[in-house]
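Spelled out from the first residue to the last, the chains are:
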Amino acid sequence: MGLWDVLLGRTKPVPPDLDQLFALPAAAITLQAAVNFTPTGTGSVCFAAIEGGAFARVQQEVRALLAADSARGGAPVEFSRDTYGYSWLLSRRPPDDLPALVGDLHAVNTSLKDSGFGSHLLCSLVAFQDAELRPLALVYLYKRGTFYPFAPLPGDKRDNPLELQVKAVLKGDLRIEEDLSRWFPLRGAPGL
């Protein structure tokens, strides 16, 4: 950072620490014990849409990498694009195999980062639900290096009390995003 950046209040973005994803299995145990939410077995990666041959090759490599895992049981990964033009990759695993799902998300993120697309990474999420099938996601923001909970309700609402409760419960397990204005709603995210 230069002098002008300091004077103008610019900050250097936090580089993505993809290894933070490996804290999710321990956080899931805490989450289940405290508020009875368990993994659904789905997780997804969101990145800015990229056109061109280089990105198409990375997509093929990611698909081949994840398909090569014999433990996956033939469950395909799915690529999609949302209404805002962002690309998503959805991975499915058995609900009791969160470490494998986190491994999938980490592999996708690492492939994108190592191929020069790290600046296009936006977030990853892992989905949870309780006995009443209420959805909850733990979202990792790459550019912040932090997690936040997202608990959608029908319509355009969200369960803010639950989100704040999860924040308090997981503060010792994950780097929680303190700026609540960065807790973006991810309605319709694949896997949620």
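Our subject is the structure listed above.
Residues numbered from 1 in each chain as written. Predicted model: local features only at pLDDT ≥ 70, side-chain atom pairs only at ≥ 80, totals over all residues. Heavy atoms only, no water.

Novice: Go over the overall build of the chain with me, naming the residues and quoting the values.
Specialist: Scanning the chain from N- to C-terminus turns up five helices and six strands. Sequence-ordered secondary structure for the chain, helices as α and strands as β, is α-α-β-α-β-β-α-β-β-β-α. A total of 192 residues make up the chain; the buried ones form 42% of that total. In the chain, the proportion of contacts linking residues at least 24 apart, taken out of those at least 6 apart, comes to 66%. (Helix = DSSP H or I, 4+ residues; strand = E, 2+ residues; numbered from the N terminus. Buried < 20%, exposed > 50% of the residue type's maximum accessible area, 1.4 Å probe, protein only. Contact = heavy atoms within 4.5 Å.)

Novice: Describe the pairing of strand E5 (residues 135-141), and please don't skip the residues or the numbers.
Specialist: Within E5, six of the seven residues are buried, which leaves it mostly tucked inside the rest of the structure. Pairing geometry for strand E4 (residues 121-129) and E5, over seven bridges, is antiparallel. The residue of E5 that forms the bridge with Gln129 is Pro135. Counted along the chain from E4 to the antiparallel partner E5, the turn is five residues long, and its residue Leu133 has a positive phi close to 65°. Relative to strand E6 (residues 146-150), E5 is paired through five bridges, and the arrangement is antiparallel. Directly across from Ala137, in E6, lies its bridge partner Phe150. Here E5 hands over to E6 after four residues, with Gly145 in that stretch at a positive phi of 70°. (Pairing = 2+ DSSP bridges.)

Novice: Help me get a handle on the environment of Asp179, residues and values and all.
Specialist: With respect to the element layout, Asp179 can be found in the segment after helix H5 (160-170). On the accessibility criterion, Asp179 (30% relative accessible area) is partly exposed. Spatially, the C-alpha atoms of Asp179 and Tyr148 are 9.6 Å apart, while their sequence positions differ by 31 residues. Within polar-contact distance, the side chain of Asp179 engages the side chain of Ser181 at 2.6 Å. (Polar contact = N/O pair within 3.5 Å; in protein donor to acceptor, adjacent residues only side chain to side chain.)

Novice: Account for the environment of Asp96, with residues named and values stated.
Specialist: Examined against the element boundaries, Asp96 turns out to sit in the loop between strand E3 (87-92) and helix H4 (98-117). You can call Asp96 exposed: its relative accessible area is 71%. Along the sequence, Asp96 and Pro39 sit 57 residues apart, while their C-alpha atoms lie 7.2 Å from each other.

Novice: Give me the side chain of Arg158: which residues, what numbers.
Specialist: Residue position: Arg158 is located in the loop between E6 and H5. Take Arg158: its relative accessible area is 18%, and that puts it in the buried class. Within the local environment of Arg158, its side chain forms a polar contact with the backbone oxygen of Trp183, the two atoms lying 2.9 Å apart.

Novice: How would you explain the pattern of salt bridges if you had to name every residue and give the values?
Specialist: Counted by the stated rule, this structure contains 11 salt bridges. The shortest N-O distance in the salt bridge between Glu178 and Lys167 comes to 3.4 Å. Of this pair, Glu178 sits in the segment after H5 while Lys167 sits in helix H5; the two residues are 11 residues apart in sequence, bridging distant segments of the chain. Assessed through its relative accessible area of 17%, Lys167 is described here as buried. Sharing partners across several salt bridges, the network here consists of Asp130, Glu132, Arg134 and Asp159. (Salt bridge = Lys/Arg side-chain N within 4 Å of Asp/Glu carboxyl O.)

Novice: Tell me about the packing of helix H3 (residues 53-67) against H4, residues and numbers included.
Specialist: Packing of H3 against H4 leaves a shortest axis separation of 10 Å and a crossing angle of 155°. Judged by the angle between their axes, H3 and H4 are roughly antiparallel. Along this stretch, H3 crosses H4, giving a crossing that reads as right-handed. Facing H3, whose interface residues are Ala54, Phe55, Val58, Val62, Leu65 and Leu66, H4 presents Asp104, Ala107, Val108, Ser111, Leu112, Ser115 and Phe117. Tallied by class, the residues present in the contact of H3 with H4 amount to 10 nonpolar, two polar and one charged. (Axes fitted to C-alpha atoms, helices over the stretch in contact; angles between N-to-C directions. Parallel < 35°, antiparallel > 145°, perpendicular 65-115°, else oblique. Left-handed = near helix turned anticlockwise from the far one by under 90°. Nonpolar A, V, L, I, M, F, W, Y, C, P; charged D, E, K, R; others polar.)

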